[in-house]
Amino acid sequence: LEQQLIQSDKLSALGQLVAGVAHELNNPLTSISGYAQLLLRNRSLDEDTRVDLEQVRQQADRAGRIVRNLLMFAREHKPERSVVQINDVIQSALALQVYQLRVDNINVQLELDPSLPLTIADPHQLQQVLLNLITNARQAMADRGAGTLTIRTALCNTGAEPQIEISVADTGVGIPAQHLDKIFNPFFTTKPVGQGTGLGLSICYGIIQEHQGQIWAESREGVGTTIFIRLPLVEPRDETDEPLSPATPAESG
Ligand code: ADP
C-alpha cells in the first residue's frame, strides 16, 4: 500500500510539472515561430539565411506541437463525464492518503451529506483535485506536528441554482493575507525547491472551471485554511436517454 501511495504522489506531481512546463513553453515557442515568419517575408534575404531561418521556424513549430501534445495529455483534456457521487470520490482520494495522514499525526473528520444528489462530472479529474487539496492540507499541518482535516459536502441552495459544496479544512499554518490572491497562480509556491511546483492549485482551478464550478480559499495565518468548491448540480438524465455508465475513480493509473 505504501508503495502505491508513493506512486500516486509521484504521478500527480509529475503530471503537474509536465502541464506547467508545457504551458509556459507554449508562448515563447509561438513567438519564435512568428518572428521567424516575419523575417522570412523580407525579400532582400540571401538564400543561406533564408534556409537557416526556415529551419528555425520548422523546429519551433515542431517543439510547439510536442508541447501542445504534452499539455493535452497532462492537463487540458476535456472532462470525461459520468454519473458521480462526490462522496465516493472523496473517499477514494482519501484512501490514497490515509497512510501519509497517519504518519503526520492528522485526524480526519468526514461530514459527508448522505443524501447528496448525484452529479455528472469527471471522477478522475475530481479525484485529482481532492488529492491536491488533501496533500496541501497535510503539508500545512505536518509542519505543526498534528492537526485535523475536515472534509464536508452539502447541497447548497443559496444561489439561483442548487449546487454541491465541498470544503476541505485544515488546522495548518494558514496563508498570509497577501498570498491569498496568488495561490491559484501557476508556479506560485512557498514550499522549498523539490517539494512544491506551485501547480497543484492552478490545476485544481482549471479542472473546476471546466466543470463550470467555483473554487476559492479562506484562511487565517496560524489558524488554518479552508478550500471551498461549488459544482453545478446536474440531474442525471432519465432512463429513456442513452445511459451514462456509473464510474468510480480507478485504483491505479
Ligand atoms: P505547491 O503545493 O506545489 O506549492 P499549490 O498550487 O498546491 O502548489 O499551492 C500554492 C501555495 O499555496 C503553497 O505553496 C502554499 O503556500 C499555499 N497553500 C496551498 N494550500 C495551502 C494550505 N492548505 N495551507 C497553507 N498554505 C497553502
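The name an unreviewed UniProt entry assigns to the chain is histidine kinase, from the organism Chloroflexus islandicus.

### Comments concerning the overall build of the chain
In terms of helices and strands, the chain carries six helices and seven strands. Its helices and strands in sequence order give the chain the pattern α-α-β-α-α-β-β-α-β-β-α-β-β, from N to C terminus. Counting over 253 residues, the chain shows a buried share of 29%. Sequence-distant contacts in the chain: of pairs separated by 6 or more residues, those separated by 24 or more amount to 77%.

### Topic: the nonpolar core
Nonpolar side chains in soluble globular proteins tend to be buried together. Core analysis: the biggest nonpolar cluster contains 39 residues, and Leu130, Leu133, Ile134, Val168 and Cys204 have the highest contact counts within it. Counting residues per element, the ones that place at least two in this core are α1 (2-40), α3 (86-95), α5 (123-142), β4 (147-156), β5 (163-170), α6 (200-210) and β7 (224-232). The leading source of residues in this core is α5, at nine residues. Those residues in contact with Leu130, other than ones at most four positions away along the chain, are Val89, Ile90 and Ala93.

### Some thoughts on the environment of Asn105
As for its position among the elements, Asn105 is in the loop between α4 (98-103) and β2 (106-112). Each C-alpha atom, one on Asn105 and one on Val56, is 54 Å from the other, the two residues being 49 residues apart in sequence.

### What to know about the sheet that holds β4
If you trace the five strands from one edge of the open sheet to the other, you get β2-β4-β5-β7-β6, paired in mixed fashion. Every other strand in the sheet has two partners, leaving β2 and β6 (214-220) as the edge strands with one partner each. The sheet shows a mean angle of 15 degrees between the axes of neighbouring strands, taken without regard to direction. Relative to β4, β2 runs parallel, the two being bridged by seven bridges. From the neighbouring strand, Gln109 faces β4, where its bridge partner is Thr150. Contacts between α5 and the sheet are confined to β2, β4, β5 and β7, with β5 contributing the most and set at about 25 degrees to the helix.

### Concerning unusual backbone geometry
Trans peptide bonds make up the majority, and among non-glycine residues the majority have a negative phi. Positioned with a positive phi, Asn105 is a non-glycine residue whose angle comes to about 65 degrees. Non-glycine residue Gln212 carries a positive phi angle of around 55 degrees. Here Gln212 is to be found in the loop between α6 and β6. Taking the C-beta count within 10 Å as the criterion, Gln212 has 12 such neighbours and is therefore assigned exposed.

### Let's talk about the pairing of β6
Across seven bridges, the pairing between β6 and β7 is antiparallel. Across the sheet, residue Glu218 finds its bridge partner in β7, namely Thr226.

### A short note on the pairing of β4
Bridge count for β4 against β5 is eight bridges, and the pairing is antiparallel. From the neighbouring strand, Ala154 faces β5, where its bridge partner is Glu165. Taken together, β4 and the strand that follows it, β5, pair antiparallel across an intervening segment of six residues.

### A short note on α3
Taken as a whole, α3 has its buried residues at Ile86, Val89, Ile90 and Ala93. Taken end-on, α3 shows its buried residues confined to a sector of 100 degrees, consistent with a single buried face. Check the buried side of α3 and you find it contacts β1 (82-84), β2, β3 (119-121), α5, β4 and β5.

### Side note on the confidence of the model for the chain
Here the chain averages 84 in pLDDT, and 82% of its residues register 70 or above. Least confident of the elements in the chain is α1, whose mean pLDDT is 75; most confident is β2, at 98. Taken together, the chains of this predicted complex give a pTM of 0.71 and an interface ipTM of 0.99.

### So, the packing of α5 against α6
Two quantities define a packed helix pair, namely the angle between the helix axes and the distance between the axes. Contact pair α5 / α6: the axes reach a minimum separation of 9 Å and the direction vectors enclose 150 degrees. Classified by the angle between their axes, α5 and α6 sit roughly antiparallel to one another. Classified by chirality, the crossing of α6 by α5 is left-handed. Of the residues in α6, those in contact with Gln125, Gln128, Val129, Asn132, Leu133, Thr135 and Asn136 of α5 are Gly200, Leu201, Ile203, Cys204, Ile207 and Ile208. Its residues placed into classes, the contact of α5 with α6 shows seven nonpolar, six polar and no charged.

Rules behind the numbers
- Residues numbered from 1 in each chain as written.
- Predicted model: local features only at pLDDT ≥ 70, side-chain atom pairs only at ≥ 80, totals over all residues.
- Helix = DSSP H or I, 4+ residues; strand = E, 2+ residues; numbered from the N terminus.
- Buried ≥ 20, exposed ≤ 12 C-beta atoms within 10 Å, placed from the backbone.
- Contact = placed C-beta atoms within 7 Å.
- Core = buried A, V, L, I, M, F, W, Y, C linked by C-beta atoms within 7 Å.
- Pairing = 2+ DSSP bridges.
- Axes fitted to C-alpha atoms, helices over the stretch in contact; angles between N-to-C directions.
- Arc of directions from axis to C-beta.
- pLDDT = per-residue confidence, 0-100.
- Parallel < 35°, antiparallel > 145°, perpendicular 65-115°, else oblique.
- Left-handed = near helix turned anticlockwise from the far one by under 90°.
- Nonpolar A, V, L, I, M, F, W, Y, C, P; charged D, E, K, R; others polar.

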